[in-house]
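Now for the letters of each chain:
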Amino acid sequence: MVDCADGEVSAYRHCAFCEYCKGVRVGPRVYPTPQEQVLNDVKRGAAADEALMNAALQFNQMIRDGNAIECADQENQGFKPRYRL
């Protein structure tokens, strides 16, 4: 669970799908959100849709091992969907 403008939320269910999530701090290092890179590759046609599922699984592993979320929500607006239809 992490603090968000929307209140205390699950990093697995909220941050993974939020555009403001920029990475996970594991020890002294910040690892970028894998979904962001894969989504850009999918938009360019350089990756299959299945790559998004793999990126989500990788993000979950990072959350498990991490100790903080890097959030770019400077205006405290809360959840903003990463994926739009």
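Cut-offs used in this document
- Residues numbered from 1 in each chain as written.
- Predicted model: local features only at pLDDT ≥ 70, side-chain atom pairs only at ≥ 80, totals over all residues.
- Heavy atoms only, no water.
- Salt bridge = Lys/Arg side-chain N within 4 Å of Asp/Glu carboxyl O.
- Helix = DSSP H or I, 4+ residues; strand = E, 2+ residues; numbered from the N terminus.
- Buried < 20%, exposed > 50% of the residue type's maximum accessible area, 1.4 Å probe, protein only.
- Pairing = 2+ DSSP bridges.
- Axes fitted to C-alpha atoms, helices over the stretch in contact; angles between N-to-C directions.
- Arc of directions from axis to C-beta.

*Asks:* Looking at this model, I keep getting lost on the pattern of salt bridges. Mind explaining?
*Replies:* Here the idea is simple: oppositely charged side chains can pair when their charged atoms come close. Applying the stated criterion across every chain yields a total of 6 salt bridges. The salt bridge partner of Glu 36 is Arg 82, with a shortest N-O separation of 3.9 Å. With a gap of 46 residues between them, Glu 36 in helix H1 (residues 34-44) and Arg 82 in the segment after strand E5 (68-71) connect regions that are remote in the sequence. The exposure class of Glu 36 is partly exposed, given its relative accessible area of 31%. Residue Arg 82 is classed as buried on the basis of its relative accessible area of 7%. A salt bridge links Arg 64 to Asp 65; the shortest N-O distance between them is 3.1 Å. By relative accessible area, which is 55% here, Arg 64 ends up exposed. Through salt bridges with shared partners, one network takes in Lys 22, Glu 36 and Arg 82.

*Asks:* I'm lost on the sheet that holds strand E4 (residues 29-32) in this one. Help?
*Replies:* Sheet strands associate in pairs through backbone hydrogen bonding, adopting either a parallel or an antiparallel arrangement. Taken in spatial order, the 3 strands of this open sheet run E4-E3-E5, and their pairing is antiparallel. Lying at the two open borders of the sheet, with one neighbouring strand each, are E4 and E5. On average, each strand axis in the sheet is tilted by 35° relative to the strand beside it, whichever way the strands run. Summarising the sheet, strand E3 (residues 21-26) and E5 pair through 4 bridges and their orientation is antiparallel. Residue Gly 23 lies in a different strand from E5, and its bridge partner there is Glu 70.

*Asks:* Looking at this model, I keep getting lost on unusual backbone geometry. Mind explaining?
*Replies:* Although it is not a glycine, Asn 76 adopts a positive phi angle of roughly 55°. In this structure, Asn 76 sits in the segment after E5. What makes Asn 76 exposed here is its relative accessible area of 56%.

*Asks:* Would you mind showing me how to read the pairing of E3 here?
*Replies:* The two faces of the sheet receive side chains in turn, since in a regular strand these alternate between them. When E3 meets E4, the two strands line up antiparallel, connected through 4 bridges. Note that in E4 the partner of Val 24 across the bridge is Tyr 31. Between the end of E3 and the start of E4, which pair antiparallel, lie 2 residues, with Gly 27 showing a positive phi angle near 65°.

*Asks:* Would you mind going over H1 with me for this structure?
*Replies:* For an α-helix, 3.6 residues make a turn, and residues three or four places apart therefore share a direction. Considered for burial, the residues of H1 that qualify are Pro 34, Gln 35, Val 38, Leu 39 and Asp 41. Along H1, the residues classed as buried sweep out an arc of 160° about the axis, all on the same side. For H1, exposure combined with an orientation more than 90 degrees from the buried face picks out Lys 43 and Arg 44. Downstream of H1 by a residue or two, Gly 45 has a phi angle that is positive, lying close to 85°.

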